[in-house]
Amino acid sequence: MAEFQLQRTVPLPLDEAWRRLTRWHRHGEAVPLTRVTVTTPPPTGEGTRIVARTGIGPLAFDDPMEVTVWRPPQGDLPGRCRLEKRGRIVRGWAELEVRPGPGGRARVVWREQMWVRAVPGALDPVLARAGRRVFGRTVNRLLRQP
């Protein structure tokens, strides 16, 4: 399994950082060659299902996920969301945490562990670096856009 973690500190209140990061359809705008669909009715909570379709034409694949933990931040209490990846191609999980940071800013931590079918374990470090780069850019873009 490939694992990575990234952290960002942003000049946003906790609830605004959380809102920006959990607007799932916006992830598709930030991840290259990806379209994101929420397949369950709003609002988001435990049991919400999301499908990220990545690729072009016949070379695309679905990455279905389900929210298994949904605790939005309240006041100064941190928020935490866990997505379980349940696809045929990608399995694993992603966790998002938004907590108080220095100077009244929000501290965002994104952790992910993934297994990609047909990718040998010896390539896990390469997959982790690629994941950190792609999701680092994604998180940056989501946090910048109101």
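Everything in this summary refers to the structure shown in the same document. Note that the structure is a prediction, hence the values are computed from the model and not measured.

With respect to the element layout, Glu-95 can be found in strand β6 (residues 90-100). The class of Glu-95 is buried, set by a relative accessible area of 10%. One polar contact links Glu-95 to Arg-82, side chain to side chain, over a distance of 2.6 Å. Those residues in contact with Glu-95 that sit more than four places away from it in its chain are Arg-80, Cys-81, Arg-82, Val-109, Trp-110 and Arg-111.

Another aspect to go through is helix α1 (residues 14-21). Of all 8 residues in α1, 6 are buried; the element is thus mostly enclosed. Of all the positions in α1, only Leu-14, Glu-16, Ala-17, Trp-18, Arg-20 and Leu-21 are classed as buried.

Further remarks concern the packing of aromatic side chains. In total, this model carries 3 aromatic pairs according to the counting rule given. Between Phe-4 and Phe-135 the ring centres are 5.9 Å apart and the planes differ by 25°, which places this aromatic pair in the stacked class. You can see Phe-4 sitting in strand β1 (residues 2-10) and its partner Phe-135 sitting in helix α3 (residues 124-144), a full 131 residues away along the chain. A residue is classified by how much of its surface remains accessible, and Phe-4, at 5% relative accessible area, is buried. What makes Phe-135 buried here is its relative accessible area of 17%. For the pair Trp-110 and Phe-135, a centre-to-centre distance of 5.6 Å together with 20° between the ring planes defines the contact as stacked. Of the two residues, Trp-110 sits in strand β7 (residues 106-116) while Phe-135 sits in helix α3, which places them 25 residues apart along the sequence. Across this residue pair, the class does not change: Trp-110 and Phe-135 are buried. A network of ring pairs unites the aromatic residues Phe-4, Trp-110 and Phe-135 as a single cluster.

A separate point is the environment of Leu-142. Along the chain, Leu-142 turns up in helix α3. Here the alpha-carbon distance between Leu-142 and Leu-21, two residues 121 residues apart in the chain, equals 6.0 Å. Every residue in contact with Leu-142, bar those within four places of it in the chain, is listed here: Arg-20, Leu-21, Arg-26, His-27 and Ala-30.

Attention shifts here to the pattern of salt bridges. As enumerated under the stated definition, the model contains 13 salt bridges in all. Where Arg-86 meets Glu-66, a salt bridge forms, and the shortest distance between an N and an O atom there is 2.5 Å. Linking Arg-86 in strand β5 (residues 79-86) with Glu-66 in strand β4 (residues 61-71), this pair joins segments that are 20 residues apart in sequence. When its relative accessible area of 43% is taken as the criterion, Arg-86 is described as partly exposed. For Glu-66, a relative accessible area of 22% puts it in the partly exposed group. For Lys-85, the salt bridge is made with Glu-112, and the minimal N-O distance between the two is 3.5 Å. Placement of the pair is Lys-85 in strand β5 and Glu-112 in strand β7, with a sequence separation of 27 residues. We classify Lys-85 as buried; its relative accessible area is 7%. Sharing partners across several salt bridges, the network here consists of Arg-80, Arg-82, Glu-84, Glu-95, Glu-97, Arg-99 and Arg-111.

Reading the values: rules and limits
Residues numbered from 1 in each chain as written. Predicted model: local features only at pLDDT ≥ 70, side-chain atom pairs only at ≥ 80, totals over all residues. Heavy atoms only, no water. Helix = DSSP H or I, 4+ residues; strand = E, 2+ residues; numbered from the N terminus. Buried < 20%, exposed > 50% of the residue type's maximum accessible area, 1.4 Å probe, protein only. Polar contact = N/O pair within 3.5 Å; in protein donor to acceptor, adjacent residues only side chain to side chain. Contact = heavy atoms within 4.5 Å. Phe/Tyr/Trp six-rings, centres within 6.5 Å; stacked < 30°, edge-to-face > 60°. Salt bridge = Lys/Arg side-chain N within 4 Å of Asp/Glu carboxyl O.

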